[in-house]
Amino acid sequence: MNEYIIFACFVFFVLIIILQIIQFYIKENSYKEQLHEKDKKIISIYEQNDLEKREIKSNFEQKIFNLNKDRKQEVSKLKSEILLLKNKAIKIIKKLWHYKSILYKQRELYKNLYCCNNFIPQDKKYSEILKNLAEGKNIFITGGAGVGKSYILNKLKEKFGSDLSLTAITGIAAVNIGGMTINSFAGVGIADTKPLFIINSILYNKEKEELKKAIQKTKMLAIDEVSMCNAYLFEYIDEVFKGVRGNDLPFGGIQIIAVGDFFQLPPIKNVFDYEKKEQIQCPYLNVCNCDNSYKEQCLCTKRSFIFNSPLFGSFKVINLTEIKRQDDDKVFAAVLNNIRFGRSIESAKYLFKEKNINLQTANKRDVIHIYATNKECDIRNNTKLKELEGFEYKFNAYDSFEPNDKNKISFENQQKITNEINKNMLAREVLKLKINCRVMLIYNLNIQVGLCNGAIGTVTEINKISDIITVNFDKAGIQSIKRKDFELKQHEGTLIRNQIPLILAYGITTHKSQGMTLDKAIICMDEIFEAGQSYVALSRL
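Description of the structure in this document. (Residues numbered from 1 in each chain as written. Predicted model: local features only at pLDDT ≥ 70, side-chain atom pairs only at ≥ 80, totals over all residues. Heavy atoms only, no water.)

Strand order in the open sheet formed by 6 strands is β3-β2-β4-β5-β1-β8, with parallel pairing between adjacent strands. The open sheet has two free edges, formed respectively by β3 (180-181) and β8 (315-320), since each of these has just one partner strand. (Pairing = 2+ DSSP bridges. Helix = DSSP H or I, 4+ residues; strand = E, 2+ residues; numbered from the N terminus.)

The phi dihedral of Glu225 falls on the positive side, at around 55°, and the residue is not glycine. Along the chain, Glu225 turns up in the loop between β4 (220-224) and α8 (231-245). The exposure class of Glu225 is buried, given its relative accessible area of 14%. (Buried < 20%, exposed > 50% of the residue type's maximum accessible area, 1.4 Å probe, protein only.)

Closest axis-to-axis distance for the helix α2 (residues 126-134)/helix α3 (residues 149-160) pair is 12 Å, and the angle between their directions is 55°. Here α2 is positioned oblique relative to α3, judged by the angle of their axes. For the element pair α2 and α3, the recorded crossing hand is right-handed. Contacts between α2 and α3 involve Tyr126, Ile129, Leu130 and Leu133 from the former and Ile152, Lys155, Leu156, Lys159 and Phe160 from the latter. Looking at the contact of α2 with α3, its residues break down into 7 nonpolar, no polar and 2 charged. (Axes fitted to C-alpha atoms, helices over the stretch in contact; angles between N-to-C directions. Parallel < 35°, antiparallel > 145°, perpendicular 65-115°, else oblique. Left-handed = near helix turned anticlockwise from the far one by under 90°. Contact = heavy atoms within 4.5 Å. Nonpolar A, V, L, I, M, F, W, Y, C, P; charged D, E, K, R; others polar.)

For the rest of this paragraph, the subject is a nonpolar patch on the surface. A cluster of nonpolar side chains, contributed by Phe7, Phe10, Val11, Leu15, Ile18, Leu19, Ile22 and Ile26, occupies part of the molecular surface with about 780 Å² of accessible area. Structurally, Ile22 is set in helix α1 (residues 2-115). (Patch = residues over 30% accessible without salt bridge, like charges linked within 9 Å, V, L, I, M, F, W, Y side chains within 5 Å. Areas by Shrake-Rupley, 256 points an atom, 1.4 Å probe, with all protein chains shown as cover. Salt bridge = Lys/Arg side-chain N within 4 Å of Asp/Glu carboxyl O.)

Ordered in space as β11-β18-β17, the 3 strands form an open sheet in which the pairing is antiparallel. Looking at which strands have only one partner, the edges of the open sheet turn out to be β11 (398-403) and β17 (484-489). With strand direction ignored, the average angle separating the axes of adjacent strands in the sheet is 25°. With 6 bridges connecting them, β17 and strand β18 (residues 493-499) associate as antiparallel partners. By the bridge assignment, Lys489 is partnered in β18 with Thr494. Against the sheet, helix α13 (residues 414-424) contacts β11, β17 and β18, and its axis sits at roughly 100° relative to β11.

Burial analysis of strand β5 (residues 255-259) places 5 of its 5 residues in the buried class, which makes it a mostly covered element. Here strand β1 (residues 138-143) pairs with β5 via 3 bridges, running parallel. Its bridge partner lying in β5, Ile141 is registered against Val259. Between β4 and its parallel partner β5, the chain crosses via α8, and the hand of that crossover is right-handed. (Right-handed = clockwise from strand over helix to strand, strands pointing away.)

Moving on, we come to the packing of aromatic side chains. Summed over the entire model, instances satisfying the criterion amount to 14 aromatic pairs. Taken together through their ring pairs, the aromatic side chains of Phe140, Phe234, Phe251, Phe262, Phe305, Phe307, Phe312 and Phe315 make up a single cluster. Positioned over the ring face of Phe160 is Lys159, at 5.9 Å from the centre of the ring. Here Lys464 stacks its cationic end above the ring of Phe395, 4.8 Å away from the centre of that ring. (Phe/Tyr/Trp six-rings, centres within 6.5 Å; stacked < 30°, edge-to-face > 60°. Lys NZ or Arg CZ within 6 Å of the ring centre and 35° of its normal.)

Below is the structure:
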């Protein structure tokens, strides 16, 4: 019995131990699980912290990268700006050198023209011109801008009347003096055929009877802006006149009054080779009679000026020196004269440095800008007109052709008449205006009160029904401007454009401004491409 009790106690004791062991294992596993969970949390926190660190590091690296990128872009931009400034500086230096070269060439040209052609330096009065004409001499009236060449030509026209025929090299110049182009007067067109063909056509073509009579009856012929005529065309016209008139004297015995300034706009380079039927360089290019050691730099080697032709030896040179346009500003007149001859340039630099303004400031002003190219001029005029508020009025021109003989038709259709007028007249085919826009008068209405070619003012009223524009001119005050007829004469008749004699006065080209007198202007020299352009632009003031 005792044995059973002892065995039962032993079993019970063993079971208690087993239960304790099981309980221990259970607690151990639970503890391990808790430790595992804690490890998981710690690992999760570590991973999260690591992710945040990586994100912070990535953001920091991205910021550093962006900062470096921005700096690189800024450096690149600065380098580009520096390069642009450098190129601009090089361009300006080249232009200054080019202008210096042009001025040097003008000075050498002066020696060639006036020293080699019996130039008389003292001022020649009107009576001196009449004396030379009475002696039957061909004369060349020259002088700087504003000395009164056009005034002298008008006086000669008043004196000689119908005995003096007026022509000019360009259509705009011809309209200004009330004449025709020299190409039209001589019937040579663009001089693209042999002179003999032109001569025979004039002599034996019945349709050109009026042209033949005009050439044969002409006693005196004035050619304005002759500096723009090349030596080739000069001799071509001479040959045609000789053939039509049957006279071997220069220009067939017609007394020539040439007017112009070789220091202003030069002639074109190319002429037409009627044998090869193509454009070629004028044969008088690279001809230079200057007595100096720098012939290759002389401007007369780059252009075929008429004084390179033997024909120019028959001309008496009369130089006008009394400046009328800048009569009230002797300093400016002296500087312009120095620019014309290419001397004492430092004085010009000093004077114009005070007047220099940047492009942004210049564009804000309503002062007329003189440009070298049509593109610059059109952009400014269109831009300034669009900036103005209000309705845009359009005035169409009325173009016509009045033939001398009503039975002859010189133009096939209206469009050809308009095209011919557009090439030769300053008056617009379509004039666009707004109230408060700045305009320029392109017609001499009343010189005494200041209504002359080049007068500038502001449009104050527009009457579309009667086509009357009220303009408050800067000098002439409030004036009513009506339509006028612009005429370009031809042997067969007269081309006529009826239009309001105004154009927008925000921009004009150097070529179209030639002959005008302006009170103030901004001269834009960025795109100047020809010798004499800067002088012509500056001398409008």
